[in-house]
Amino acid sequence: MEVKARAPGKIILAGEHAVVHGSTAVAAAIDLYTYVTLTFPLQSAENNDRLILQLKDISLEFSWSLARVKEAIPYDSSTSCRSTPASCTDETLKSIAVLVEEQNLPKDKIWLSSGISTFLYLYTRIIGFNPATVVINSELPYGSGLGSSAALCVALTAALLASSISDKTRGSGWSSLDETNLELLNKWAFEGEKIIHGKPSGIDNTVSAYGNMIKFCSGEITRLQSNMPLRMLITNTRVGRNTKALVSGVSQRAVRHPDVMKSVFNAVDSISKELAAIIQSKDETSVTEKEESIKELMEMNQGLLQSMGVSHSSIETVIQTTVKHKLVSKLTGAGGGGCVLTLLPTGTVVDKVVEELESSGFQCFTASIGGNGAQVCF
């Protein structure tokens, strides 16, 4: 039997960093996906006693005998029920780490350890100790702030949960899970994100699971329904960044200049709320007028992010390049490198700006904003 699943990446449209200080943020799904294919072998097949993980993008394969997995990972009936998501205990994580170490990851791929650990945890807790081959590939660049880890957790969990859904409709193309299974999926994916990131906000996995857009403030997540098409050029600067250091830097600036930074955070909060209102609006305002308003809000948000000290020379290069083509850009996520969003108003031709950005060593994607969340295919 074979099950396929896919889950989208995400962008932060407004509110990054300020959200840590109580402001509202708006995030959205993008139509760049992580794909998971789950295949269970026949009893007579050659690999009917192994769990195999293939990472197609980086040409790596990992394989464990089920006997070794059972020996290493303690079975706990209280945390081994697919309908009851549970956090990975320290004891279980240590046991899983041993299984990962035995795979002898190349030194330049050690960063994959947490993702492989997440795979082993989610698989054994949802499926149990059954043989399978799991193939993962992604359109999302790793570690660039586009939610690649959440998309992995969501797509993997979707495939695992869908494998036991009784009313499968085969050959009908991609389909979304029902609300009950989406809620369960999101909770399991969040447990996976905790293994990778420690204390995630839940924004990334929620956007990836449900799709469309969300508004997030003080721990409360509200799902939004977009009523207008939005396209963005996403530019990956290929510059790595230390998210923890950037967040800390903003907090330190807030301590040094509390009144000023409070005004900055309040302004960002207003931008996020206005942006959410425009996107959800069903009034007679034309798409062109809405795009112009979003353009101005993005421009202001970027100025405020610069005042927080989280921009970077690579980000400024992208902004200056797109301005020459009368387009507006802002960083998305932590800043300090990572990715930059450029609004593409209706009818925009991006060939020339993409050519110029790529000639500077950047990686470009065009994406539709606010699309489908996790989907499965049988």
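Residues numbered from 1 in each chain as written. Predicted model: local features only at pLDDT ≥ 70, side-chain atom pairs only at ≥ 80, totals over all residues. Heavy atoms only, no water.

If you check an unreviewed UniProt entry, the chain appears there as Mevalonate kinase from Camelina sativa. What UniProt records for the chain under Subcellular location (unreviewed entry) is the sentence "Cytoplasm". Word for word, the UniProt comment on the chain under Pathway (unreviewed entry) is "Isoprenoid biosynthesis; isopentenyl diphosphate biosynthesis via mevalonate pathway; isopentenyl diphosphate from (R)-mevalonate: step 1/3." (UniProt positions renumbered as here; feature names shortened; annotations may be inferred.)

Draft legend 1. Fine view of the sheet that holds strand β12 (residues 363-368). Spatial strand order, β10-β11-β9-β12: four strands in an open sheet with antiparallel pairing. A single partner strand is all that each edge strand has here, and the edge strands are β10 (329-332) and β12. On average, each strand axis in the sheet is tilted by 30° relative to the strand beside it, whichever way the strands run. Of the pairings in the sheet, the one linking strand β9 (residues 231-236) to strand β11 (residues 339-343) comprises five bridges and is antiparallel in character. From the neighbouring strand, I234 faces β11, where its bridge partner is L341. Each of β9, β10 and β11 is contacted by helix α9 (residues 287-308), which is oriented at about 55° to β10, the strand it contacts most. Of the strands in this sheet, β9 and β12 touch helix α11 (residues 351-359), which is tilted by about 15° from β9. (Pairing = 2+ DSSP bridges. Helix = DSSP H or I, 4+ residues; strand = E, 2+ residues; numbered from the N terminus. Axes fitted to C-alpha atoms, helices over the stretch in contact; angles between N-to-C directions. Contact = heavy atoms within 4.5 Å.)

Draft legend 2. Looking closely at the UniProt feature "domain: GHMP kinase C-terminal" (unreviewed entry) in the chain. According to UniProt, the "domain: GHMP kinase C-terminal" (unreviewed entry) feature falls on residues 292-359. Helix makes up 56% of residues 292-359 and strand 13%. Its end C-alpha atoms lie 28 Å apart.

Draft legend 3. Quick look at unusual backbone geometry. Notably, S59 is not glycine yet its phi reads approximately 50°, a positive angle. Relative to the helices and strands, S59 is located in the loop between β3 (50-55) and β4 (60-65). Positive phi, close to 65°, is recorded for R238, a residue that is not glycine. Within the element layout of this structure, R238 appears in the loop between β9 and α7 (243-256). For R238, a relative accessible area of 54% puts it in the exposed group. (Buried < 20%, exposed > 50% of the residue type's maximum accessible area, 1.4 Å probe, protein only.)

Draft legend 4. Spotlight on α9. Between the first and last C-alpha of α9 there are 31 Å, a value that for 22 residues agrees with the 32 Å anticipated at 1.5 Å per step. Every buried residue of α9 is listed here: K290, E291, I294, L297, M298, N301, Q302, L304, L305 and M308. End-on, the buried residues of α9 take up no more than an arc of 160°, which puts them together on one face. Turned more than 90 degrees away from the buried face of α9, the exposed residues are T288 and E299. One or two residues past the end of α9 sits G309, with phi positive at roughly 85°. (Expected span 1.5 Å × (residues − 1). Arc of directions from axis to C-beta.)

Draft legend 5. The arrangement of the pattern of salt bridges in detail. Inspection of every chain in the model, using the stated rule, returns 10 salt bridges. Here D269 makes a salt bridge to K273, at a shortest N to O gap of 3.0 Å. Placement of the pair is D269 and K273 together in helix α8 (residues 258-280), with a separation of four residues, close to one helical turn. Residue classification places K273 among the partly exposed residues on the basis of a relative accessible area of 45%. Where salt bridges share partners, they join R68, E71 and E102 into one cluster. (Salt bridge = Lys/Arg side-chain N within 4 Å of Asp/Glu carboxyl O.)

Draft legend 6. Layout of the state of the cysteines. Taken as a whole and assessed by the stated rule, the structure comprises zero disulfides. Here C339 is not disulfide-linked; the sulfur of C364 is the nearest cysteine sulfur, at 9.8 Å. (Disulfide = S-S within 2.5 Å.)

Draft legend 7. Layout of the environment of L156. Among the secondary structure elements, L156 is positioned in helix α4 (residues 148-162). According to the relative accessible area criterion, L156 is buried, its value standing at 2%. Distance from L156 to T34, taken between C-alpha atoms, is 9.0 Å for residues 122 residues apart in sequence. L156 has contacts with V36, F119, L122 and V134, leaving out every residue within four places of it along the chain.

Draft legend 8. Layout of the pairing of β4. The alternating pattern of β4 places L60, F62 and W64 on a buried face, while none of E61, S63 and S65, on the opposite face, is buried. Relative to β4, β3 runs antiparallel, the two sharing six bridges. Directly across from R50, in β4, lies its bridge partner S65. Here β3 folds back onto β4 in antiparallel fashion, the turn holding four residues, of which S59 has a positive phi close to 50°.

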